[in-house]
Structure formats: structure tokens, C-alpha cells
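A look at the structure
Spelled out from the first residue to the last, the chains are:
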Amino acid sequence: MQHSVSIEYARCRGCTTCMKNCPTQAIRVRRGKATILTERCVDCGECIRCCPHKAIKARSDPFSCLEEFQYTVALPDPALYGQFQHLDEVGRVLDGLLELGFHAVYETAKGAELLSDYARKHPGDAAEKKLPVISSACPAALRLIRIRFPQLLEHITSTITPMELAAILARKKAVEETGLLPEQIGVFAIVPCSAQVTAAHSPDDLQQPVLDGAFSIRDLYLRLLSPMQKLDAPHTPSSAGKAGVRWAFCGGEASARGSSERFLAVDGMDSVIRILAAIEDDRVPDVDFVELCACTQGCVGGCLTVEDPFVATMRLRHLIRSLPDVACSYDDQVGDPAIVQADKELEFAPVYLLDPDRTVAMEKMSAIHDLERQLPGLLCGSCGAPSCHAFAEDVVMGRAQREDCIFQVRARMRAMTGPEDSDEYLPAPFRSKLGKVVPSDR
Amino acid sequence: MEAVKLVYPVEGGDLIEAGEASSKMKLTLKKLGLPPDVIRRASICMYEGEINMVIHADGGQAEVDVGMDEIVIRMIDQGPGIPDIDRAMQEGYSTAGDMARDLGFGAGMGLPNMKRYSDEMDIETEVGKGTTVTIKIKI
Ligand SMILES: Nc1ncnc2c1ncn2[C@@H]1O[C@H](COP(=O)(O)OP(=O)(O)OP(=O)(O)O)[C@@H](O)[C@H]1O
Ligand code: SF4
Ligand SMILES: [Mg+2]
């Protein structure tokens, strides 16, 4: 799988900030540069946010992709609407996108609203799942479950994401309206995060991608500003109601399902991990539905947005006041219940497993503990691993060498040279005694 | 095959942070590839034991031996001990204080749950000296 998150080699200084903040321990520093353990990365974008050198980027598609198609449709995420100051109508953003050269727009919020409507009308789908039912809308959370909480896979809704449903319906509509072949139509999502870029190209829940690409809100923002300002009254009516647009912030999906107040809406990777661990151990009683957002405040906090998530949420609240509660119905617009169903089983990806053979795994674990006991527990990061435990694991798994730990080197030096001076190899904070003080003349 | 030994100190007093030992253990058991149901039961027992050490005994230590066919969890504290084990084992019996109750603990379900989710459970305790709860879970 091709990840959207990638490290710009030239800018990275190997400072270990991202490595220490990665919620899945997917980053190591090798030869002075950060590298990503691909199979552990869930594209949550935490590293993009925390890198002090702006060396981590989310790759989205270049606009030149549009040229490959005769007809192009933009699928704006509702988080886009929260980015602009003084925006009075959603239609203005949609007009702006048309002005930029897209032939049509199809709101992802509409896909979201149709999914909510579907969920309300088909409570039986959820009844087949284990409780609490867990939303599949945030691809970063979904991938986290796939690598770390396999037992919870049976809780996840079997419907596709709003972006995917919007893409399927947008393409269908374009084919009907233009008479072109489906492959002559380019369907592009405008997304708030790296996880959605990755999901557009390699969906977890579909055999084949239904999108042709994804642009980031950030990349489009500046381009949109001037055409949006030039327009007088918006022409394109918005097609989604409050229920759909609310999916942009955490809690929106749960309230649009409208089932009960017994839901959890959880945002931020740390909280998501904590709640998933609690659900796994039956420690969260009386909950029917769990909405998970890897980002603070939900998609408005995506790593590829422009505006502060709290400000964007406030703006969206203001913007949706003029919208109807619900603007579209599943039965009228889609009908066929098969369309929203995922066609790929969510699979456990055992990326943390030490070995498929338990005897071997246990031997490795013992070796890891033995080595860890010899390490200082400083979490200094100079070995290139996020903790001494992770380093010990890397050594045993062949991803690193013992000598990468400066303290292991010290021990060896000490054995060779005796106790004198052996500390000088260490950075000052780690020396056990003061270095030689060279007296100055004055 | 020698058992893998895991040791987790549990700090007393801090109810908000409690649960760390069981979540660390869980990740380790996942790395070993144990059956999900075994991991879940071990984790539930460890969590309850950990909370008990925090609330009732001002902390202690959890020692876990992961063998080929069983997990043994020992939760050892130097707290006040349990005067009447039979009573403590009854569902609903609790001596938890107001603070713990406000945080949702004190339903008197911890020990009964540990009994239910484990294959064997043994309590050694001496008033004024401390308590060791030993749990076995078959793999
Ligand atoms: N480690 C311990 N040291 C001293 N007393 C204990 C210990 N563990 C349990 N007890 C006693 O046994 C009682 C019952 O424990 P149990 O775990 O079943 O319930 P609880 O901790 O009071 O409430 P809950 O576990 O439902 O939050 C406790 O209230 C306490 O009096
Ligand atoms: S919460 Fe939204 S923006 Fe953040 S990773 Fe998930 S889908 Fe992307
Ligand atoms: Mg208890």
C-alpha cells in the first residue's frame, strides 16, 4: 500500500520529535533521517503536525491529473466549508470549485447524509454487529483497529464511507448526464487529511477504488479564494442538510444517525486508542454506537486543513443554520441497498506480532526483556527508536543493532579502557561525572 | 520453553492513571500472538486487580508469567489485607470510599469478575501485612 504520509529527506534533521509522538510507533530514525515502518503507519498525520522542520508531508494528487479526463467532478469534504471567513452560503464554495474548472460538484456531505439515512432505515444491519457498533468513517481509526484491535473488527459498520458513496453516485450521475463512459469521468475528492488520500487510492473496505484521486483542502484553499470572492450571488444550491455537513466535526455522524443518546464521539488518536482498549475489555457498558475521529474535533482538525479546528467548527455551526435538517433521502436518491455495502472483509494485519509460531515469539520476547534490562530506560531516542523497549525489540527483530545504543557502546568502551574517561563519548546530560574542566587563563 | 516474565509496578493513589499495567500487558500478549479471548480475560482480571491495589492497598506490583499453556498473574501488595475473604468475594460487597465511588468504582464486582474470567483464583492475605491475588488463565 502506498501511504500518503512521506518524509522529505532533505528537510529532515533526524530530531526524533515525530518518532516520539507517533501513536503506533511507526517511525525510526536511521542514519540521521526519519523513516516510516510502512506496515504500522495508519496515516493519522500526527507526525505532520509535530515536525518542527516541516519535513513530513502528505502526498496528494497533482492537479495535472485532471487533464486525463474528459469530465471532472469535485467531491468537497464538508470540513472545507469551515475554512473560510465570512462565508454565508455553502453554494459559494461549490461555485468556486466550478469556476476552478471542475465540470460538476457532488458534496461528500450528501454522501454522508445518505449514509445516515440508510443507517436509520436499516437498523437490522447494526443488529448483526457486536455492540457497540463502531463507525468506519475515519480511515486512520479504521486502520488502527486493523493493526491493533482485531477483536473489534466485528463491531465495525459494514457500510462504505461518505467519500466513497459520493464518488459512486457522482460518477453514475455524470455518466447519465454526459453519455460518456465511466472511465472518461474523473472523480476527485477534496480531503482534510492524509488518511483520506490513502483511502481514496487503497480503500480498506472496497476491492477496487471508486475515486480517481484526492486533493488536499490546503492545496485548494488558496486557489479557491479569489474565484469565490469574485462571484456575486451563489448559483449552485447546496444539496446536503445539517445532518450531512455535521459529519465534519466529531459527534456529527452519531447525531445524524439519530438512534439514541447512547453514543460515544471520540476525537484524537490517544483518546481513540484508550477507548478502543476499554471496549475490548468490556469496560464501556451501555453504549450503542461509537464514532471515532483520529483528529482533534474531527475532520475539521485534519492535518491538511488550513483553519484552526475549533474556529472551523464554530463557522460550520453558523453556516448550517440556514440549511434544512435533512435534504435528501436514501430511497429517493439511491434505492438499492447493495450500493452502500463494503465488498471487502476488514482483515487483521498483525504488524506487532513477533512471530507466527508462539514458541518463537516467546523466545524473542524473553530476548527483548533481557536486552531491555541492560538499557538505561532514558528514552533518549539517540538509538533511533521511540523507547528502550522498542529498541530492544528492533534489535531482536533484526531492525537495529545493539551498537546503535550509545550506552551499549559505553559499556563496551568501559570494558576495554577501564573506568577512566569512558563517559566522554556521551552527550553531557548522560555523563555520570563532570567532564574534565579546562582551566581558562583569566 | 521457559515462561516469559513481565513485571509491572502499580502506583497507589492515582485512580485516574490506573489501568496502565493491564494495557501494557495486553500489548505484550498481542505481540506473542495469544488467542484474543485469552488476552481479553487476562486483561480484565489484571485491570480489576490493579484497581483494587490502587484503591484498597496503596499500590503494589503485578507479576505475570506467560507460559505455553497458561498465564499466571500475581498481584502483590503490602496493604491492609482482607479480613474476611468470603465476604469480599460476594457480589456487591465493597469498602470503597466516596472518592472511588464517584469515579465509578466500588460496585463490589472486581473480585467476583476476576473469579468469573479466570480458570483459577487464589487469595493469600494477612491483615496488616498485605494481599496476594493469584490468577491462572489457561491458553
Ligand atoms: N488488594 C486488596 N487489599 C485490601 N482489600 C481488598 C483488596 N482487594 C479487594 N479488597 C476488599 O474486597 C472488597 C471487594 O473487592 P471488589 O474488587 O470485589 O470490589 P470493589 O473494589 O470494592 O469494587 P469494584 O471492584 O466493583 O470497583 C473491597 O471493597 C475491599 O474491601
Ligand atoms: S478524523 Fe477525519 S480528518 Fe482526521 S484522520 Fe479521520 S477522516 Fe481524516
Ligand atoms: Mg475492585
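Since we're looking at a predicted model, the values are computed, not measured.

**Topic: the overall build of chain A**
When its secondary structure is counted, chain A shows 17 helices and 11 strands. The 442 residues of chain A split such that 54% are buried. Summing over all exposed atoms, chain A offers an accessible surface of approximately 20,100 Å²; the carbon and sulfur share of this is 51%. One finds the centroid of the 49 positive side-chain charges in chain A at a distance of 8 Å from the centroid of its 60 negative side-chain charges.

**Some remarks on the pattern of salt bridges**
Within the structure shown, the criterion is met by 39 salt bridges over all chains. The salt bridge partner of K31(B) is E393(A), with a shortest N-O separation of 2.6 Å. Linking K31(B) in helix α1 (residues 20–32) with E393(A) in helix α16 (residues 388–396), this pair reaches from one chain into another. The structure contains a network of salt bridges with shared partners spanning R28(A), R30(A), R40(A), E393(A), D394(A), R399(A) and K31(B).

**As for a nonpolar patch on the surface**
On the surface, I16(B), M99(B) and L103(B) cluster together into a nonpolar patch covering about 330 Å² of accessible area. Of note, M99(B) is situated in helix α4 (residues 98–102).

**Looking at the domain arrangement of chain A**
All names here are of chain A. We note that the domain assignment places domain 1 (5–58), domain 2 (63–340) and domain 3 (358–430) within chain A. When each unit is reduced to the centre of its C-alpha atoms, the spacing between domain 1 and domain 3 is 22 Å. Of the roughly 800 Å² buried where domain 1 meets domain 3, counting both sides, 43% is carbon and sulfur surface. Where domain 1 touches domain 3, the interface holds three salt bridges. Residue R30 pairs with D394 through a salt bridge whose shortest N-O separation is 3.6 Å. There are six residue pairs in polar contact (both at pLDDT 80 or more) connecting domain 1 and domain 3. Going through the elements one at a time, α1 (17–21) and β2 (27–30) are the ones with two or more residues in the side of domain 1 that touches domain 3. Residues that form the side of domain 1 that touches domain 3 fall into these classes: four nonpolar, two polar and four charged.

Calculation criteria
Residues numbered from 1 in each chain as written. Chains lettered and ligands numbered in written order. Predicted model: local features only at pLDDT ≥ 70, side-chain atom pairs only at ≥ 80, totals over all residues. Heavy atoms only, no water. Helix = DSSP H or I, 4+ residues; strand = E, 2+ residues; numbered from the N terminus. Buried < 20%, exposed > 50% of the residue type's maximum accessible area, 1.4 Å probe, protein only. Areas by Shrake-Rupley, 256 points an atom, 1.4 Å probe, with all protein chains shown as cover. Lys, Arg positive; Asp, Glu negative; His and termini not counted. Charge placed at Lys NZ, Arg CZ, Asp CG, Glu CD. Salt bridge = Lys/Arg side-chain N within 4 Å of Asp/Glu carboxyl O. Patch = residues over 30% accessible without salt bridge, like charges linked within 9 Å, V, L, I, M, F, W, Y side chains within 5 Å. Domains from an automatic or database assignment. Buried area = accessible area lost by both parts, 1.4 Å probe. Polar contact = N/O pair within 3.5 Å; in protein donor to acceptor, adjacent residues only side chain to side chain. Nonpolar A, V, L, I, M, F, W, Y, C, P; charged D, E, K, R; others polar.

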